[in-house]
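Analysis of the macromolecular model
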Amino acid sequence: MSTEFEPLYKAHLSEHLDAIGKLCRMSEEIAPLADAWLAALKAGKKILFFGNGGSAADAQHLAAELVVRYRVNRPALAGLALTTDTSILTAHSNDFGYDTVFARQIEALAQPGDVVLGISTSGTSKNVLLGLQAANKRGCVTIAFTGEKGADCAAEAKLSFKAPSGITARVQECHLLIGHLLCDVVEKAYAVA
């Protein structure tokens, strides 16, 4: 074993446990997110997800949990990741630039009452910010998943979850954990025996 492995191992676990410890005290901030997801789905609306890089992967992951299943069999739920259509992503980026790649899809796909969840670990991703702004104009319920500083994206969204860390990897771990929690909440409301 490398002499560098053990200190790195302990450092990663320590950072993770620190973030999770803080997360344990945030239920009052997270509960409204579950309420928003449930209200939208019960009203026949959908949840649209987007983000860059690892956050794009999280967007796809959470949409899949809704459409397919999280833990139990139940009817499919309307989740859509705006990060998966390479033709749209590349055509828009080539023709108009990358800053509005999510805003354009929101313009095409979002309806009033839909939940639109933008994920940005820094909270400053311009394309996520513009996507949230476009969703607000369309009468959507906007949610931002960010790091602890939140920045512009959290200020633009009606609701936000600011992961309690400034370390990108730990922020992403918190985003996925809370995303799974929200999937579990809505799944329990739709589960079949």
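Described below are features of the structure shown in this document. What you see is a predicted model, and the numbers here were worked out from it, not measured in a lab. Residues take numbers from 1 onward in each chain, read along the sequence in its written order. Local features are withheld for residues below a pLDDT of 70 in this predicted model, meaning they are given only at 70 or higher, and side-chain atom pairs are given and counted only at 80 or more; totals for whole chains, interfaces and linings count all residues. Excluded from the side-chain calculations are hydrogens and water; all other atoms, namely the structure's heavy atoms, are used.

Details of the overall build of the protein chain
For the record, the criterion: To qualify as a helix, a DSSP run of H or I must reach at least 4 residues; to qualify as a strand, a run of E must reach at least 2; elements of each kind are numbered from the N terminus. All radius of gyration figures rest on C-alpha atoms, and the globule criterion is 2.2 Å times the number of residues raised to 0.38. Using a 1.4 Å probe on the protein chains alone, a residue whose accessible area is under 20% of its type maximum counts as buried, one over 50% counts as exposed, and one in between counts as partly exposed. By definition, residues are in contact when any of their heavy atoms lie within 4.5 Å. In this tally, Lys and Arg are treated as positive and Asp and Glu as negative; His is ignored, and so are the chain termini. For this purpose, a charge sits on NZ of Lys, CZ of Arg, CG of Asp or CD of Glu.
Helices and strands together make up the secondary structure of the protein chain, namely eight helices and five strands. Starting at the N terminus, the α and β elements of the protein chain follow one another as α-α-β-α-β-α-α-β-α-β-α-β-α. For a compact globule of 193 residues, the expected C-alpha radius of gyration is about 16 Å, and the protein chain comes in at 17 Å, within 12% of that figure. Along the longest, intermediate and shortest principal axes, the C-alpha atoms of the protein chain span 55 × 50 × 30 Å. Expressed as a percentage of the 193 residues in the protein chain, the buried residues total 42%. Taking the contacts inside the protein chain whose residues are at least 6 apart along the sequence as the reference set, 69% of them involve residues at least 24 apart. Each charge class in the protein chain can be summarised by its mean position, and for the 18 positive and 20 negative side chains these summaries are 5 Å apart.

Concerning the sheet that holds strand β3 (residues 115-119)
In plain terms, the rule: When DSSP finds two or more bridges between a pair of strands, those strands are recorded as paired. For helices, the fitted line uses only the C-alpha atoms of the stretch in contact; every axis is such a line through C-alpha atoms, and the angle between N-to-C directions lies from 0 to 180 degrees.
Taken together, the five strands give an open sheet; going across it, the order is β2-β1-β3-β4-β5, and neighbouring strands pair in parallel fashion. Looking at the sheet topology across the chains shown, the edges are occupied by β2 (79-81) and β5 (159-162). Taken pair by pair, the neighbouring strands of this sheet meet at an average axis angle of 15°, ignoring direction. For strand β1 (residues 47-51) and β3, the ladder comprises five bridges, and the chain directions are parallel.

Overview of the packing of aromatic side chains
The following threshold applies: Note on ring pairs: Phe, Tyr and Trp rings are taken, using the six-membered ring of Trp, and paired if centres are within 6.5 Å. Classes follow the plane angle, with under 30 degrees stacked, over 60 edge-to-face and the rest tilted. Should the NZ of a Lys or the CZ of an Arg lie within 6 Å of a ring centre and within 35 degrees of the ring normal, that charge is described as sitting over the ring.
Enumeration over the complete set of coordinates arrives at five aromatic pairs. Summarising the aromatic geometry, the rings of Trp37 and Phe49 are spaced 5.7 Å apart at their centres and angled 75° between planes, so their arrangement reads as edge-to-face. A residue pair is termed long-range when its members are at least 10 positions apart, and Trp37 in helix α2 (residues 27-42) and Phe49 in strand β1 qualify at 12 residues. According to the relative accessible area criterion, Trp37 is buried, its value standing at 0%. Lys42 extends its terminal NZ or CZ atom over the ring of Tyr190, reaching a point 5.0 Å from the ring centre.

Some points on helix α6 (residues 126-137)
Defined as follows: One less than the residue count of a helix, multiplied by 1.5 Å, gives the span that helix is expected to have.
A rise of 1.5 Å per residue sets the reference length of α6, with its 12 residues, at 16 Å; its end C-alpha atoms lie 17 Å apart and thus fit the reference within 8%. For α6, the set of buried residues is Asn127, Val128, Leu129, Gly131, Leu132, Ala134 and Ala135. In the core, the buried residues of α6 are packed alongside β1, α5 (101-109), β3, β4 (141-146) and α7 (151-156). Phi turns positive one or two residues past the end of α6, at Gly139, with a value near 80°.

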